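In case you want the letters, here they are:
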Amino acid sequence: MEEEGSSAVVETVQAAAGVAADTIQTVTKGVSSETASILHLDDIKKYFTFEQLTHIIMGLIAIVIFYIAYRVLKKLLKRQLAKFAKPHTVLIVSRTISYTFRILIVMYVLNLFGINLSAIWGAAGIAGLAIGFAAQTSVSNIISGMFVVGEKAMKLGDCISVDGTTGIVDSIDLLSVKVHTFDNQMVRIPNSSIINGTLINYNHFDVRRVVVDVGVSYDSDVDKVLAALEQVPSMCPTVIADPAPKVYYDSFGASSINLKVCLWCKNADFIATKNAAYKAIVKVSRETPFEIPYTKLDVKIVNGDLNAAPSGTAAAALSAAPAAL
């Protein structure tokens, strides 16, 4: 009886173990099936065949070759353009090549994986319209940037002024022009502001005019003043002879007769010429001499005697002043 009971227990345990094993196997198969369905493992296995892997490897090798060719072509073009083109033109061509290469590589990779590009172009067109409405300012700056580049109104290193902002051009991009001011601050000027506003380029021409306003007293001898100021150009070593300098009377002011001294110099000598002109004007004004008016206060005593002793109320006020202090 004991042996029969032990045999029954063993059979029961074995049956339970079999059921548990079948359950575990069923659950494992179910989890594996669901995981494969979620991750699309069967599709991935079908895709990554030997032929497909070979195709991908060849594509990666082609991308490396394209990249090397792109780097060599970009370097050669920059070197050749630098011989006759302006720096900002070289910069724009270089960036255009970079953007074109990236777009072509993206298209090649998409085609490599069998993605239909025509559908992407259609979606890109719709997305482009939406983005265009949402980013009208950026699109306007890009279009304006094309005009800025095409007009060649500036180049790298030029000193420009736009809407009160003055600085040296550091870069000319499709969206904006970046300059650094004379106190070394970077300012980004949108291209639309340059096209729609007034651009002043101080370095566009090789020479530049320095204008100094001079006011002289109404009591001055106008002929002597004019002759004296006409000596100023010869006292400034950076002044050029062509165009010729000019000195002329400009207007009648509230307290002075106003003249203009106009000198021409090279762009690089602008500050030196201006300093030399002011020093020369002060020097000739002392040698001639003539008076350059400045704000001052004239006090006149009418019907009074400075030597007479104060009397009456005035005397009392003066005597009381020290006590009040």
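It should be emphasised that the depicted structure is a prediction, and the values quoted were computed from it without experimental measurement.

To continue, consider the nonpolar core. Within the largest apolar cluster, 23 residues are counted, with the highest numbers of intra-cluster contacts made by L229, V232, C236 and V261. For this core, the elements supplying multiple residues, two or more each, are β6 (207-216), α8 (222-229), β8 (257-266) and α9 (270-287). Here this core gets 6 residues from one element, more than from any other, and that element is α9. Apart from the residues within four sequence positions on either side, L229 is in contact with V214, V247, L259, V261, I281, V284 and F290. Within the second largest apolar cluster, 10 residues are counted, among which are V162, V169, V179 and I189.

Here we take up the environment of K274. Secondary-structure assignment places K274 in helix α9. Between the C-alpha atom of K274 and that of R209, which follows or precedes it by 65 residues, the distance is 9.7 Å.

Moving on, we come to the packing of aromatic side chains. Applying the stated rule across the entire model yields 1 aromatic pair. Aromatic pair Y218 and F252: ring centres 6.3 Å apart, planes at 10°, arrangement stacked. Here Y218, found in the loop between β6 and α8, pairs with F252, found in strand β7 (residues 246-252); they are 34 residues apart in sequence, far enough to count as distant. Looking at R208, its charged tip hangs above the ring of F270, at a distance of 3.8 Å from the centre.

All right, on to the side chain of S144 then. Relative to the elements of secondary structure, S144 occurs in helix α6 (residues 136-151). When neighbours within four sequence positions are excluded, S144 is seen to be in contact with N191, S192 and I195.

A few words now on the side chain of N267. Tracing the backbone shows N267 in the loop between β8 and α9. Within the structure, the side chain of N267 is placed 2.4 Å from the backbone oxygen of F205, a separation counted as a polar contact. Beyond its immediate chain neighbours, meaning those up to four positions away, N267 contacts Y202, N203, F205, D206, V207 and R208.

Read from one edge of the open sheet, 5 strands run β4-β3-β2-β1-β5, paired in antiparallel fashion. Whereas interior strands pair on both sides, the edge strands pair on one side only; in this sheet they are β4 (186-190) and β5 (199-201). Adjacent strand axes in the sheet meet at a mean angle of 40° when their direction is disregarded. Across 3 bridges, the pairing between strand β1 (residues 159-162) and β5 is antiparallel.

Our focus in this paragraph is a positive patch on the surface. Side chains of R71, K75, K78, R79 and K83 sit close together on the surface and give a patch of like positive charge. Mapped onto the fold, R71 is located in helix α3 (residues 50-84). Here R71 falls in the partly exposed class, since its relative accessible area comes to 45%.

Quick notes on the rules
- Residues numbered from 1 in each chain as written.
- Predicted model: local features only at pLDDT ≥ 70, side-chain atom pairs only at ≥ 80, totals over all residues.
- Heavy atoms only, no water.
- Core = buried A, V, L, I, M, F, W, Y, C linked by side-chain atoms within 4.5 Å.
- Buried < 20%, exposed > 50% of the residue type's maximum accessible area, 1.4 Å probe, protein only.
- Helix = DSSP H or I, 4+ residues; strand = E, 2+ residues; numbered from the N terminus.
- Contact = heavy atoms within 4.5 Å.
- Phe/Tyr/Trp six-rings, centres within 6.5 Å; stacked < 30°, edge-to-face > 60°.
- Lys NZ or Arg CZ within 6 Å of the ring centre and 35° of its normal.
- Polar contact = N/O pair within 3.5 Å; in protein donor to acceptor, adjacent residues only side chain to side chain.
- Pairing = 2+ DSSP bridges.
- Axes fitted to C-alpha atoms, helices over the stretch in contact; angles between N-to-C directions.
- Patch = residues over 30% accessible without salt bridge, like charges linked within 9 Å, V, L, I, M, F, W, Y side chains within 5 Å.
- Areas by Shrake-Rupley, 256 points an atom, 1.4 Å probe, with all protein chains shown as cover.
- Salt bridge = Lys/Arg side-chain N within 4 Å of Asp/Glu carboxyl O.
- Lys, Arg positive; Asp, Glu negative; His and termini not counted.
- Charge placed at Lys NZ, Arg CZ, Asp CG, Glu CD.

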